[in-house]
Amino acid sequence: MAKKPDLLPGTLDMLILKTLTRGALHGYGIALSIKRFSDDVLTVEEGSLYPALQRLLLQNWVKAEWKMTDTNRRARFYTLTAAGRKQLGVELSQFEQMIAAIGRVLSDVQEA
Amino acid sequence: MKFLNKLSLLFGRRRFHDELEEEIAFHRAQAERDFVAEGMTPEDARYAAMRQFGNGTRIKERSREVIGFRGETVVQDVRYAMRQLWASPAFTIVILLTLALSIGANSAIFSVINGVLLKRLPYEQPERLVRIFLSSSSYPRFSLNPFDFRDYRARNQSFESMAAFTRGDVQLSGSGEPVRVNGFGITAGYFHVLGLRPELGREFDQAAELPGNGLQVILSNRLWRTRFGADPNVIGRKITINMQAYTVVGVMPAGTVHPGNEYHSVAYGEDVDAWWPFSFEGNPNRRGSHYIEGIARLKSNVGLEQAGTEMNAIMAQLGREHPGDSGWKVLVIPLYSEVVGASRPMLLVLLGAVVIVLLIACANAANLLLARASSRQREIAVRLAMGAPRMRIMRQMMTESLLISFLGGGLGLALAFIGVKALVALLPADFPRTQDIHVSPAVLAFTILVTVATGILFGLAPAFQATRADPREGLQKGGRTTIGSGRQSRLRDALVVAEVSLACVLLIGAGLMLRSLLNQLHLDPGFQQQHVITASISLPHVNYGKREQVARFFDGLVTNLNGLPDVESAGAGSDLPWTGYDENSGFTIEGKKPPAGEEFHARYHMATPGYFSALGIPLVAGRFFTEADTKDTQQVVLINHAMANKYWPNENVIGKRMTFEDEPKEKDWLTIVGVVGDVKDQPNSPAAQPAFWWPELQSGWTSDMSVAIRARGTPSLLADALRNEVHRIDPALAVADLKLMDTIVNSSVSTPRFAFALVGLFAGLAIVLAGIGTYGVISYSVSQRTPELGIRMALGAVRSDVMSLILSHAARLAVLGTALGVVAAFALSRLLKSLIFDVSPADPATFALVAGIVILVAMLAGYVPALRATATDPMNALRAE
């Protein structure tokens, strides 16, 4: 079995926030969504997901609500807050800057 | 925001956990459902979901860490550690008591060191204050001559200011019974040198140094309050001192500390009550008499050595100007070392002793914790397997050690408060700065520091060992018969060896000090102290200005005292044994010439006929003084044995003559009529100095005399009789320094006794701790080896085999520890040199005896568990496996 690439450090919060822009989701839903949108490349470890969600809650970037699912089970749904949306913007721009920088370094390496 | 959220979560922990639990359950259920949808059997799906989800406990722990405060895990750790301690009370009590005693001892000794050695002297910039002495081959430390001093003061460039002082007690009369108080004659600017200022009035100016201007006085705060009702208008008032009217010019504030002095010494402390102006009288070209002491403040840019060089140059110059001034060197000594120098070695030895005790206690604690950690191996393995991070376990172990050390330290501090009180009460009377010794904030800080260091020191080994544990191994062994991993039992053995060797070092130190103390106690002082009471009487110059007046007073007093039924004999003399009396005189011996560059010199004393029999000083040859030796008869002198040996070796000295005059007439010769036994200046002086005595009736020019009375019964009962007799002759006189010779002799060994008592106490503690340590390790090894011993016994080993197996383990530790201890003691004991008297620091008897005791104690500590081992029932032991 090929080892799946690890998430880039520091990107989990951003991925969760981005995922939640598509609507409220429970933890399992978030993990599933990240997995699907990344074509099974990114797997979120539960051991990281829930502590990350606690962190986001503490910062008031997401809020949580207990609701019923389609299958009529009680689950905690997370929604993005305005502060969370702003934070996502900050993290995205930082991320893009970093990717661009990495890109420049790599292309420079190829030319040389 | 984050903080507030955390805070609100702090009060909703249960709800937080329940919700997390539910969320995790939901997550698993969903995953399971999806796996089933993908075609797995329900059972496989459940396991797959569980596997995928991973360690639920870990998620919870990590989530908790996110929402928790940093300090919260510490609180958890502390609570956990508390439960652990509570669960094993015997362990807890032993370890806490050990630590409390050793930390308390450290704090108590540090309180003394802090107060005596570390605290600055109570003067302005005390580090710049120095004392000035003269030194020659005959007199290593000598007082200054006033006119020399005046020249030093005028010529030096090294000192900001310089002053001189000399003891001169004053008799205060007026209202109430006359009292004598400690007084000093001081030059102008004496307090300025110290950086002290009078609370009222001013200090003496240079005009007061002129002869005739001396009837002024500065009072201590205490005297001002007790004798003058703290009168705010006391300045300018005339008071009666030595029967003359003195004008009060100043009052010093409370806390004015006398810097200590050597000639007629008054120790450092608040024991001086009056200061009068020292005046420069006499012929400035005669510089033979030395009786004032110098104190000075270095300029900020001048070092000790530079000042010394300059002073010696000045002295050499004075030597060229005044023949009597040649041959002297000048000593410039920091005031600090003058005040505390002598007590320093003892305090450092005591500090060393308590540090050793603390190290032993640490080794003991580490050993106990190690033993417990290995019995907790299973618990730790389980926690590791459940996903607890190693760091967390290590922190938990450290928390436990620190909790133990803090509980121990807290108890120790309480003990220190008691200990310091006891120490101060036990300290020798002449110990400096005892009033500065208490549990201060610095001591508190020191205790905390020691406590933390202790906790870390004894906690490190168990903490590392715990985290090195392999969870699988721990679980498999299940905390049962680990035949202690070699490394671990070696560590424990090493700790015990260290304990034994440290205890051995301390015991050897204590042994040497005990031998020294016994030597001092059995020393023949040269007099017989039993039944003797002494006092000093000072005759004011106004009424006793003539030789005859002084002689008549003491003659009358002694005669009256000798007439009392309870008095066996009474006498008066210029001084008493062991008071550090140091008056010297040069002289000429008939028919002898001193070696080139030297002169005949010796201590001079005066005595009435009864003085020697009252003190029990034996006659070696010839006769004592008698009532018949008067002004009108032949001038006689008594010399001591040391003087006879020095100047008339192998000669019959009786009848030889000496004189103080350069061109003696026949009547100036003194004939030696007797030789008396030697008495040292101080109990610990290496040898008695050559000395001679004049009959009081033929000299009689000192007005300060000491009285010695040998009683038929209890000497203290004679105190009132003495006062009555004195007042019968002159009601205005004060009787001072009433002391029993017994007390003086006892206090002479108070320092070695104190040092021995403490070092002995710590050594006792050390050997008990080392014994406990040995016992602990041997019994632990016995309990670990029970199955092995069972097998051995099942295979035919007899009890004595088992016994010797265990005892040989104990013996290995004991012998190795003792050997190391003896070597270390051999290297360290020279540090004791200044504290021990007439004992070699490598005294073989002490070393051998202590080594024997240490080995014996360690073997005894091993014997008990060995006995238990032989009682092992092989069947039980094997079944336990």
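Residues numbered from 1 in each chain as written. Chains lettered and ligands numbered in written order. Predicted model: local features only at pLDDT ≥ 70, side-chain atom pairs only at ≥ 80, totals over all residues.

> It is not clear to me how the overall build of chain A should be interpreted in this structure. Could you clarify?
The secondary structure content of chain A amounts to 4 helices and 3 strands. Going through the 112 residues of chain A one by one, you find that 27% of them count as buried. In chain A, of all internal contacts separated by at least 6 residues, the share reaching a separation of at least 24 is 50%. (Helix = DSSP H or I, 4+ residues; strand = E, 2+ residues; numbered from the N terminus. Buried ≥ 20, exposed ≤ 12 C-beta atoms within 10 Å, placed from the backbone. Contact = placed C-beta atoms within 7 Å.)

> I tried to follow the domain arrangement of chain B on my own but got confused; where do I start?
By a widely used convention, the size of an interface equals the accessible area lost when the partners come together. For chain B, the domain assignment lists domain 1 (2-68), domain 2 (143-327), domain 3 (343-522 + 750-879) and domain 4 (544-731). Each of domain 1 of chain B and domain 4 of chain B has a C-alpha centre, and the two are 101 Å apart. (Domains from an automatic or database assignment.)

> What am I meant to see in the nonpolar core here?
A general feature of soluble globular proteins is that nonpolar side chains tend to end up buried together. All names here are of chain B. Counting residues in each nonpolar core, the largest one holds 158 residues, and the members touching the most others are V357, A503, L506, F762, A766 and V854. Take this core: its biggest share by element is 18 residues, from helix α12 (residues 344-375). Lining this core are residues from two domains, each supplying at least three of them: domain 2 (143-327) and domain 3 (343-522 + 750-879). When residues no more than four places from it in sequence are discounted, the contact partners of A766 are I356, V357, I360, L502, A503 and L506. A570, L615, V637 and I639 belong to the second largest nonpolar core, which has 61 residues in total. (Core = buried A, V, L, I, M, F, W, Y, C linked by C-beta atoms within 7 Å.)

> Sorry if this is basic, but what is going on with the sheet that holds strand β2 (residues 62-68) of chain A here?
The strands making up a sheet associate through hydrogen bonds between their backbones, and the pairing can be parallel or antiparallel. Residue and element names in this part refer to chain A. Taking strand neighbours across the sheet as the criterion, the 3 strands line up as β1-β3-β2 in an open arrangement whose pairing is antiparallel. Both edges of this open sheet fall to β1 (25-26) and β2, since each of them pairs with a single strand only. In this sheet, strand β3 (residues 74-80) lies alongside β2 in antiparallel orientation, the contact comprising 7 bridges. Counted as the bridge partner of V62 is L80 from β3. In the packing of helix α1 (residues 12-20) onto the sheet, the strands contacted are β1, β2 and β3, and the crossing angle to β3 comes to about 95°. (Pairing = 2+ DSSP bridges. Axes fitted to C-alpha atoms, helices over the stretch in contact; angles between N-to-C directions.)

> Help me understand the interface of chain B and chain A in this model?
Contacts between the two partners involve 20 residues from chain B, matched on the other side by 16 residues from chain A. Taken together, the elements giving at least two residues each to the side of chain B that touches chain A come down to α1 (2-10), α2 (13-37) and α4 (56-67) of chain B. Looking at the side of chain B that touches chain A, the element that brings in the most residues is α2(B), giving 7 residues. Residues that form the side of chain B that touches chain A fall into these classes: 8 nonpolar, 6 polar and 6 charged. (Nonpolar A, V, L, I, M, F, W, Y, C, P; charged D, E, K, R; others polar.)

> Help me understand helix α3 (residues 46-58) of chain A in this model?
Residue and element names in this part refer to chain A. For α3, spanning 13 residues, the distance from its first C-alpha to its last is 18 Å, which sits close to the expected 18 Å at 1.5 Å a residue. Along α3, the residues that are buried comprise E46, L49, Y50, P51, A52, L53, Q54 and L56. Among the residues trailing α3, N60 stands out with phi positive, at a value near 65°. (Expected span 1.5 Å × (residues − 1).)

> For this particular structure, what's the right way to read the packing of helix α25 (residues 799-828) of chain B against helix α26 (residues 844-870) of chain B?
For any two helices packed against each other, the geometry is given by the interaxial angle and the distance between the axes. Residues and elements named next belong to chain B. Close contact between α25 and α26 brings their axes to 8 Å; oriented N to C, the two are set at 150°. In terms of their interaxial angle, α25 and α26 are classed as roughly antiparallel. Pair α25 / α26 crosses with right-handed handedness. (Parallel < 35°, antiparallel > 145°, perpendicular 65-115°, else oblique. Left-handed = near helix turned anticlockwise from the far one by under 90°.)

> Before we go on, may I ask you to explain α2(B) in this structure?
The periodicity of an α-helix, 3.6 residues per turn, causes residues three or four places apart in sequence to face the same way. Residues and elements named next belong to chain B. Compared with the 36 Å implied by 1.5 Å per residue over 25 residues, the 36 Å span of α2 between its first and last C-alpha is a close match. Turning to α2, its buried residues number three or more, namely L20, E23, H27, Q30, A31 and E32. Two residues or fewer after α2 comes G39, characterised by a positive phi angle close to 110°.

> Teacher, can you tell me more about the packing of helix α18 (residues 547-562) of chain B against helix α21 (residues 718-729) of chain B here?
Residue and element names in this part refer to chain B. Where α18 meets α21, the axes come as close as 10 Å, and the angle between the chain directions of the two elements is 140°. As far as their axial angle goes, α21 and α18 are oblique. Relative to α21, α18 is oriented so that their crossing is right-handed. Residues F553, G556, L557, N560 and L561 of α18 form the contact with α21, whose participating residues are E725, V726 and I729. Along the lines of polarity and charge, the residues of the contact of α18 with α21 split into 5 nonpolar, 2 polar and 1 charged.

> Please explain the pairing of strand β18 (residues 636-640) of chain B as it appears in this structure.
Side-chain positions along a regular strand alternate between the two faces of the sheet. Residue and element names in this part refer to chain B. Along β18, 5 of the 5 residues are buried, which leaves the element largely enclosed by surrounding structure. Burial along β18 is two-sided: the residues V636, L638 and N640 and V637 and I639 are all buried. Two elements, β18 and strand β20 (residues 670-676), share 5 bridges in a ladder whose sense is parallel. Residue L638 lies in a different strand from β20, and its bridge partner there is G674. The pairing of β18 with strand β21 (residues 691-695) spans 2 bridges and is classified as antiparallel. Within β21, the residue paired with I639 across the bridge is F692.

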